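Report on the structure
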Amino acid sequence: MNDTSERAPQGRVRRLIATPAMVILAGLSLAGCSFWGAAAGGAAVGATAAQTEKGFRRSVADTEIRLAINDLWFQADEQMYRKVNLQVQEQRVLLSGNVPQPDQRVEAVRLAWQAPGVREVINEIEVNDTSSLSNAARDSWISTQLETTLLFDKEVSSINYSVETVNQSIFLMGVAQSQEELDRVIGHAKDISYVRRVVSYVLLKDDPARSS
């Protein structure tokens with residue numbers, strides 16, 4: 001199995017400057033919300049971030065990374081921006097999706113490393129232009145099924161997990177409270193119809209890699 005983890009390149013990188021308040025409100029402002037609606041929504045997002053295992057500061061850092069990478073992709077290649085999925089957990093970046101050209105796969109990884117604060121980039125992008133609307137719909141259905149199951153499972157802290165499905169493969173990121181909880185999450189994923197494989201990059205709560 002190929003090693004999908006890439007090392008950071010040397011050299012200076014361009015920094016996207018954003019305060020925590022800007023990060024929290026950015027998405028809502030772009031959606032055209034009123035000031036008070038954005039403020040209320042921002043407070044809700046902040047409260048949710050504080051409840052996650054990684055906490056508020058790490059949540060803000062991850063959001064900054066996500067904004068920076070999306071900006072870099074959009075400026076470089078709109079097709080890359082649309083076709084590559086992005087998950088960010090504690091400054092670890094997981095890329096998945098389908099691109100038609102091999103150089104787009106390489107470029108997506110290279111640009112991801114340019115975002116300030118990135119500690120690891122995991123490359124699960126496939127060079128495959130055969131995806132269709134029906135495949136995308138099925139992938140979305142799979143993700144929704146798993147997210148709903150985790151939400152209603154009282155033995156799982158669903159807020160700590162990120163789910164993405166590509167070509168019927170589920171990619172998991174996040175922080176598990178225990179190995180038992182992680183096994184339970186993976187078991188739920190495997191029980192969903194049409195799922196071909198489950199790939200986990202979830203770290204355990206006490207994993208030393210979280211503080212490195």
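1. Digging into the confidence of the model for the protein
Taken as a whole, the protein shows an average pLDDT of 81; of its residues, 73% reach a score of 70 or greater. Overall, residues 1–45 carries pLDDT values under 50, and its contacts beyond four positions in sequence, including any with other chains, amount to 46 contacts.

2. Remarks on the nonpolar core
Side chains of nonpolar character tend, in soluble globular proteins, to be buried together. Core analysis: the biggest nonpolar cluster contains 21 residues, and Ile69, Trp73, Val84, Val93, Leu95 and Val121 have the highest contact counts within it. Only helix 3 (55–76), strand 2 (84–89), strand 3 (92–99), helix 5 (102–113) and strand 4 (120–127) provide two or more residues apiece to this core. Core analysis: the next-biggest nonpolar cluster, separate from the first, contains 16 residues, Ile142, Val163, Leu172 and Val195 among them.

3. Digging into the pattern of salt bridges
Applying the stated rule across the entire model yields 7 salt bridges. Between Glu107 and Arg110 there is a salt bridge; the shortest N-O distance is 2.7 Å. Separated by 3 residues within a single helix, Glu107 and Arg110 lie in helix 5, roughly one turn from each other. A salt bridge links Arg184 to Asp153, with the nearest nitrogen and oxygen atoms 2.5 Å apart. Linking Arg184 in helix 7 (residues 179–190) with Asp153 in the loop between helix 6 (133–151) and strand 5 (161–166), this pair joins segments that are 31 residues apart in sequence. Judged by its relative accessible area of 8%, Asp153 falls in the buried class. Linked by salt bridges that have partners in common, Arg58, Glu90 and Arg210 make up one network.

4. Some words on the pairing of strand 4
Pairing of strand 3 with strand 4, which is carried by 8 bridges, proceeds in the parallel orientation. Paired with Leu95 across the two strands is Asn123, which belongs to strand 4. As a crossover connection, the stretch from strand 3 through helix 5 into strand 4 is right-handed.

5. Side note on the sheet that holds strand 6 (residues 169–176)
Within the open sheet, the 3 strands sit side by side as 5-6-7. Their pairing is mixed. Among the strands making up the open sheet, the edge pair consists of strand 5 and strand 7 (197–204). For this sheet, the mean inter-axis angle between neighbouring strands, taken without regard to orientation, is 10°. As judged from the 8 bridges shared by strand 6 and strand 7, these two strands associate in the parallel manner. Directly across from Phe171, in strand 7, lies its bridge partner Val199. Contacting strand 5 and strand 6, helix 6 runs over the sheet at an angle of about 155° to strand 5. Across the sheet, helix 7 lies against strand 5, strand 6 and strand 7, angled at about 160° from strand 7, the strand it touches most.

6. Structural notes on the packing of helix 3 against helix 5
Where helix 3 contacts helix 5, the axes come no closer than 9 Å and their chain directions differ by 135°. One way to sum up the angle between helix 3 and helix 5 is to call them oblique. The element helix 3 and its partner helix 5 pack so that their crossing is right-handed. Between helix 3, through Ile69, Leu72, Trp73 and Ala76, and helix 5, the contact on the second element is made entirely by Ala108, Leu111 and Ala112.

7. As for the packing of aromatic side chains
Inspection of every chain in the model, using the stated rule, returns 2 aromatic pairs. Relative to Tyr81, the ring of Phe74 lies with its centre 5.2 Å away and its plane at 80°, an arrangement referred to as edge-to-face. A residue is classified by how much of its surface remains accessible, and Tyr81, at 35% relative accessible area, is partly exposed. Ring centres of Trp141 and Tyr194 lie 6.0 Å apart, and the angle between their planes is 70°; on these two criteria the pair is classed as edge-to-face. Placement of the pair is Trp141 in helix 6 and Tyr194 in the loop between helix 7 and strand 7, with a sequence separation of 53 residues. A relative accessible area of 37% places Trp141 in the partly exposed class. Lying over the aromatic face of Tyr194, Arg138 brings its terminal NZ or CZ to 4.0 Å of the ring centre.

The rules we used
Residues numbered from 1 in each chain as written. Predicted model: local features only at pLDDT ≥ 70, side-chain atom pairs only at ≥ 80, totals over all residues. Heavy atoms only, no water. pLDDT = per-residue confidence, 0-100. Contact = heavy atoms within 4.5 Å. Core = buried A, V, L, I, M, F, W, Y, C linked by side-chain atoms within 4.5 Å. Buried < 20%, exposed > 50% of the residue type's maximum accessible area, 1.4 Å probe, protein only. Helix = DSSP H or I, 4+ residues; strand = E, 2+ residues; numbered from the N terminus. Salt bridge = Lys/Arg side-chain N within 4 Å of Asp/Glu carboxyl O. Pairing = 2+ DSSP bridges. Right-handed = clockwise from strand over helix to strand, strands pointing away. Axes fitted to C-alpha atoms, helices over the stretch in contact; angles between N-to-C directions. Parallel < 35°, antiparallel > 145°, perpendicular 65-115°, else oblique. Left-handed = near helix turned anticlockwise from the far one by under 90°. Phe/Tyr/Trp six-rings, centres within 6.5 Å; stacked < 30°, edge-to-face > 60°. Lys NZ or Arg CZ within 6 Å of the ring centre and 35° of its normal.

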